[in-house]
Each structure stands twice: as structure tokens, then as C-alpha cells.
Amino acid sequence: MELMEGLLTRRTIHLFRTDPVPDSVIEKMLEAAVQAPNHHMTQPWRFVVLQGESLSALAQARYRAAWQKAVDQQREFAERLASRARQDYLAVSAVIAVVQLLEGNASRQEEDYAAVSCAAYAMMLAAWNFGVGTHWATGGLTRSAEARELCQVTDQERLTAFIRLGYPQSVPQVPRVPAAQRTLWLS
Ligand SMILES: Cc1cc2nc3c(=O)[nH]c(=O)nc-3n(C[C@H](O)[C@H](O)[C@H](O)COP(=O)(O)O)c2cc1C
């Protein structure tokens, strides 16, 4: 796939097929991620690939995180919400946890977070190149002690995102404000 075509057609995928994504594609995603730009070459990232039993454990952690969030709701509603949250993770081929190494002062960490975000986007675009869809998620699971333990995240690290991946069942349309409306050209 042409780079420009990938940039213009990639979408966040919500529904995934069940056929597994080969590890070779995940390796390509990770190769692309570490090529992301980063100030002072800090390379402030680490990745955890969760498949099989570890993915089931992550899905269970997401179930509990969703339960905690919905704790004030009616029990039946909370259960439905949490089960759906778990199913989101059981329905994918793999999840990649994106971890930021927390080093230096606040401004360094801000720049490093930008770099880690570039890495996450690079891996999503690489996946798209191979027909694989992704879903970037943050939310409660990134702060869950259970998920942090599973991904072996230390106090000097931040769990920034979970990238779910798999072959798309469907690709949604997500319209954008045209660039021309958000751009000031100065000469
Ligand atoms: C920093 C960041 C955090 C995100 N967190 C979530 C999330 O927690 N849950 C979710 O469903 N999507 C999340 N997304 C995905 C966006 O919702 C998605 O990119 C947006 O809807 C635009 O769709 P597109 O990726 O198809 O263009 C996140 C995206 C970014 C960049």
C-alpha cells in the first residue's frame, strides 16, 4: 500500500474477524513503531504483545475496570457494560500495550509522550499496510493495577495505550474537517 493511501484510508476498527494476525505482521508493526521521531533520541517506549492466556487475563482486567467505573449504576447495567468491555478484548487477535519510559522532568516527559504517540500511530499504519485494523484505547485500563502488573509496568513507566488488532469486519466512515479549514498559510 502507498504511504499516502494508508494515511488517507486508515480507520479505527470496532469489529474484528476471528482469523489470527501472524506474528510476522506484529513484528513489522513494532519495527515501524521504533522508527518514530523522538527528541534527543530518547526512544522512550516499550511494548508488550498480549495474546492467548495473557490476552484473556487482560480482558478480565478490563471487565473489572469497567465494573469499578459503573459501580454506582444498576447491577444489571454494570454487568452488561463490563461484559461488553471484556468481549472487546476477547474478540481480537492480539493487543499491544504501549508503555512510556518516564525519565527526566515534566517537559521531557511531555515530549516523550508525543514520541510514544507517534510510535503508536506508526504501528497502526504499518498494520493497515497489511490489511490489519487497529483500535487505540486509553481509559481506566491504562490505570488498572491488574493491567500494569500483567504488563510488568514499573513505577518509572506509564501505560499509555492499548492497541487492539485484527482483520476488520467492516471499516467505518469517519468524516474530518477539511485541512483547508484548519490551516493558515502565511507568506
Ligand atoms: C490518545 C488517544 C486515545 C484514544 N482513546 C480511545 C479510547 O479510550 N476508546 C476508544 O474507543 N477510542 C479511543 N481512541 C480512538 C479515537 O476515538 C479514534 O481515533 C477517533 O474516533 C477517530 O477515528 P479514526 O481513528 O478512524 O480516524 C483514542 C485515540 C487517541 C489518539
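Visitor: Would you mind going over the packing of helix α2 (residues 23-33) against helix α5 (residues 106-129) with me for this structure?
Guide: A pair of packed helices is characterised by two quantities: the angle between their axes and the separation of those axes. Direction vectors running N to C along α2 and α5 enclose 140°, while the axes themselves pass 7 Å from each other. Between α2 and α5, the crossing angle belongs to the class labelled oblique. With respect to the hand of their crossing, α2 and α5 are arranged in right-handed fashion. Contact residues: Lys28, Met29, Leu30, Ala32 and Ala33 in α2; Ala119, Ala122, Met123, Ala126 and Ala127 in α5. Here the contact of α2 with α5 is composed, by residue class, of 9 nonpolar, no polar and 1 charged.

Visitor: Could you clarify how one ought to interpret a nonpolar patch on the surface in this entry?
Guide: Residues Leu3, Met4, Leu7, Leu8 and Tyr121 make up a contiguous nonpolar surface patch of roughly 510 Å² in combined accessible area. Counting residues per element, the nonpolar patch draws most heavily on helix α1 (residues 3-9), which supplies 4 residues. On the secondary structure map, leucine 3 appears in helix α1. Accessibility expressed as a relative area gives 62% for leucine 3, which makes it exposed.

Visitor: In this structure, what is going on with the site of the ligand? I would like to understand it.
Guide: Surveying the vicinity of the ligand reveals the residues Arg10, Arg11, Thr12, His135, Trp136, Ala137, Thr138, Val174 and Arg176. Note that an oxygen atom of the ligand is positioned 3.0 Å from one of the side-chain N or O atoms of arginine 10. Between the ligand and tryptophan 136, the relevant distance is 3.0 Å, taken from a nitrogen atom to a main-chain nitrogen or oxygen of the residue. Its free accessible area being 620 Å², the ligand has 58% of it covered by the protein chains.

Visitor: What is the right way to read the packing of aromatic side chains from this model?
Guide: On inspection of all chains with the given rule, the structure shows 1 aromatic pair. Arranged with centres 6.5 Å apart and planes meeting at 75°, the rings of tyrosine 89 and phenylalanine 162 form a pair that is edge-to-face. Placement of tyrosine 89 in helix α4 (residues 75-90) and of phenylalanine 162 in strand β4 (residues 157-166) is noted, with a sequence separation of 73 residues between them. Exposure remark for phenylalanine 162: the relative accessible area of 0% places this residue in the buried category. If you follow arginine 86 out to its NZ or CZ, it ends over the ring of tyrosine 63, 4.1 Å from the centre. The lysine or arginine in question, arginine 158, covers the ring of tyrosine 113, its NZ or CZ lying 4.4 Å from the ring centre.

What counts and how
Residues numbered from 1 in each chain as written. Predicted model: local features only at pLDDT ≥ 70, side-chain atom pairs only at ≥ 80, totals over all residues. Heavy atoms only, no water. Axes fitted to C-alpha atoms, helices over the stretch in contact; angles between N-to-C directions. Helix = DSSP H or I, 4+ residues; strand = E, 2+ residues; numbered from the N terminus. Parallel < 35°, antiparallel > 145°, perpendicular 65-115°, else oblique. Left-handed = near helix turned anticlockwise from the far one by under 90°. Contact = heavy atoms within 4.5 Å. Nonpolar A, V, L, I, M, F, W, Y, C, P; charged D, E, K, R; others polar. Patch = residues over 30% accessible without salt bridge, like charges linked within 9 Å, V, L, I, M, F, W, Y side chains within 5 Å. Areas by Shrake-Rupley, 256 points an atom, 1.4 Å probe, with all protein chains shown as cover. Salt bridge = Lys/Arg side-chain N within 4 Å of Asp/Glu carboxyl O. Buried < 20%, exposed > 50% of the residue type's maximum accessible area, 1.4 Å probe, protein only. Near = heavy atom within 4 Å. Polar contact = N/O pair within 3.5 Å; in protein donor to acceptor, adjacent residues only side chain to side chain. Phe/Tyr/Trp six-rings, centres within 6.5 Å; stacked < 30°, edge-to-face > 60°. Lys NZ or Arg CZ within 6 Å of the ring centre and 35° of its normal.

Geometric values such as these leave the question of function open.
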